[in-house]
Amino acid sequence: MSEQSVMKGSEGPKARYPFHVLCKPIGPVCNLKCAYCFYLEKKVLYPRGEKWRMSDETLEAFVRQYIEMQPEGAQEVNFAWQGGEPTLMGIDFFRKALAFQKQYARPGMQISNALQTNGTLLDDEWGAFLAENQFLVGISIDGPADIHNHFRLDRVGEGTHDKVMQGLEILKKHKVEFNALVLVNCLNVKEPVKVYEFIKRRGVQFMQFIPLVEFVDHETGEIENERSITAKEWGTFLNGVFDRWREKDIGRVFVQHFDMMLTILMGQPGALCVHSRYCGRNVALEHNGDIYSCDHFVFPEWQLGNLTETPLSGMLDGEFQMKFGRDKSETLPDVCRSCKYLNFCWGGCPNHRVETSSTGEPGLNRLCEGYKAFFSHTMPYFEAMGTCLQLGRQAREYKAVLQAKAAGRPPQQAFASTPTQRHPGMPIGHARGQTGDIGRNDPCPCGSGKKYKKCHGA
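Conventions used here
- Residues numbered from 1 in each chain as written.
- Predicted model: local features only at pLDDT ≥ 70, side-chain atom pairs only at ≥ 80, totals over all residues.
- Heavy atoms only, no water.
- Helix = DSSP H or I, 4+ residues; strand = E, 2+ residues; numbered from the N terminus.
- Buried < 20%, exposed > 50% of the residue type's maximum accessible area, 1.4 Å probe, protein only.
- Contact = heavy atoms within 4.5 Å.
- Areas by Shrake-Rupley, 256 points an atom, 1.4 Å probe, with all protein chains shown as cover.
- Expected span 1.5 Å × (residues − 1).
- Pairing = 2+ DSSP bridges.
- Axes fitted to C-alpha atoms, helices over the stretch in contact; angles between N-to-C directions.
- Arc of directions from axis to C-beta.
- Polar contact = N/O pair within 3.5 Å; in protein donor to acceptor, adjacent residues only side chain to side chain.

Draft legend 1. Representation of the overall build of the protein within the structure. Looking only at helices and strands, one finds 15 helices and 14 strands in the protein. Every one of the 458 residues in the protein was classed for burial, and the buried ones make up 56%. When contacts within the protein are restricted to residue pairs at least 6 apart in sequence, those whose partners lie at least 24 apart make up 69%. Accessible surface, the protein: about 20500 Å² in total, of which carbon and sulfur atoms supply 50%.

Rendered as structure tokens:
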């Protein structure tokens, strides 16, 4: 790759809208061989003998374009590193990335980094580096050893739970900000409380639960194997976690789906792409500069180009990708458009929309009934929590609102006899969606302890 070709790829207009890139600097290469990993098979997209490492030239082109091509007024750019296993690139690679970020950052722009890892290669050197440079780390844990070790295996077929726990302790030792990513499969889906409590007891405050749905053929929606979960199981799992969480962990433990619900109820757009009205602004970057429409659409037909040849902004704002994003809402079946939970769901991930509706329309999410079960079960509680926040109270005080409603009293009277426990970021009487007086670096009014920009202001 010539210097000239890289520099040419760095020229181009700013994007029309903000965008996010999930970077895979080592492609699908991993030190583990998890039974359900959908990305290991991406090796077939590249020729034999491929050098699965992002070059310094491609890294610089990516960092420069990602920063320079954000729209005018962009205040923050987040770099997300994934794989495969990105720690296989070594710390020096990420030092170079940080140097390029510093070189190309706009005046006043905040640059942040997130790293998704299996945790097995983390040591004190990694811990110190991640802490010093304020990386947010996602670590993959499926639950206790008897569950985790069933699918999350190393290259010789051994379970990885002990090594993951060691990696988790490294993060805690060095005070690295981290969360747990749990892939909900046919085993742990049956144990929502067991999985939640295990992870919580390990000192994890922030959790993401991702449903496992594998296909042989997206056209027919045929499930590949019994590792996948059903819609009913997904709804039951989320509700099981929610019921345990609301007992005593509101404001102490943060679950991504629950944060999303409160965010939308407070009048803000949901931060999860799978439940947003449009997608298409979250693309995947392979090690050699190839750009794909989405992490779940890394297939030849969804390759947008290569950033060493075509500017990122041109690919993101091109008609193909714009249509990809619009299709998320424009191709919804009527049963979704008329659903009372539409604004919380928007059809879910397009990758899972392989079912046919009762009226024969395509595009229904395989997990639709599970999401409905979750929304219907949790909505009264989230609405009460939202009311608490609007009144300047803590979300955990939601029971007082429910009791007032049951007694036919307005919610304002729920706290008439108790002193205000207003969070410093939320004035009393703060109206839904009116968050202009909360600074991005102020504490979030939900009481999470996180900055507003990293919580309900995300």
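Right, picking up where we left off after that structure.
Draft legend 2. Here's a closer look at helix α3 (residues 91–104). In a regular helix each residue adds 1.5 Å, so 14 residues correspond to 20 Å; α3 covers 20 Å between its end C-alpha atoms and thus fits that length. Buried residues along α3 sit against α2 (56–68), β2 (76–81), β3 (110–117) and α4 (124–132).

Draft legend 3. Local environment of the sheet that holds strand β12 (residues 303–306). Read across the sheet, ten strands follow the order β9-β6-β5-β4-β3-β2-β1-β10-β11-β12 without closing on themselves; strand pairing throughout is mixed. Of all strands in the sheet, those bounded by a partner on one side alone are β9 (254–255) and β12. Here β2 pairs with β3 via six bridges, running parallel. Within the sheet, the bridge partner assigned to Val77 lies in β3 and is Ile111. Lying on the sheet, α3 is in contact with β2 and β3; it crosses β2 at an angle near 165°.

Draft legend 4. Just helix α11 (residues 319–330), in detail. Looking at α11, one finds that the buried residues are Gln321, Met322, Phe324, Gly325, Lys328 and Ser329. What you see down the axis of α11 is that its buried residues fit within an arc of 155°, all on one side. The secondary structure elements touched by the buried residues of α11 are β10 (282–285), β12, α10 (312–316), α12 (334–337) and α13 (342–345).

Draft legend 5. How the structure looks around unusual backbone geometry. Note that the residue after Gly83, namely Gly84, is joined by a cis bond; omega there is 10°. Mapped onto the elements, Gly84 comes out in the loop between β2 and α3. Backbone geometry places Lys175, a non-glycine residue, at a positive phi of 60°. With respect to the secondary-structure elements, Lys175 resides in the loop between α6 (161–173) and β5 (177–184). A positive phi angle, near 50°, is found at Trp346, a position not held by glycine. Within the secondary structure layout, Trp346 lies in the loop between α13 and β13 (355–356).

Draft legend 6. Representation of the side chain of Arg281 within the structure. Looking at the secondary structure, you find Arg281 in the loop between α9 (256–265) and β10. Under the relative-accessibility criterion, Arg281 is labelled buried at 15%. Among the polar contacts listed, one links the side chain of Arg281 to the backbone oxygen of Tyr17, at a separation of 2.8 Å. Among the polar contacts listed, one links the side chain of Arg281 to the backbone oxygen of Leu316, at a separation of 3.1 Å.

Draft legend 7. Molecular detail of the environment of Phe375. Of note, Phe375 is situated in helix α14 (residues 368–390). Spatially, the C-alpha atoms of Phe375 and Met261 are 8.8 Å apart, while their sequence positions differ by 114 residues. Apart from the residues lying within four places of it in its own chain, the contact partners of Phe375 are Met260, Met261, Tyr341, Phe344 and Cys345.

Draft legend 8. Inspection of the pairing of strand β6 (residues 206–211) at higher detail. Here β6 lies mainly inside the structure; five of its six residues are buried. Where β5 and β6 come together, five bridges link them in parallel fashion. Among the inter-strand pairings, Leu183 is bridged to a residue of β6, identified as Ile210. Bridge count between β6 and β9: two bridges; the pairing is parallel. Residue pairing in the sheet places Phe206 in a bridge with Phe254 of β9.

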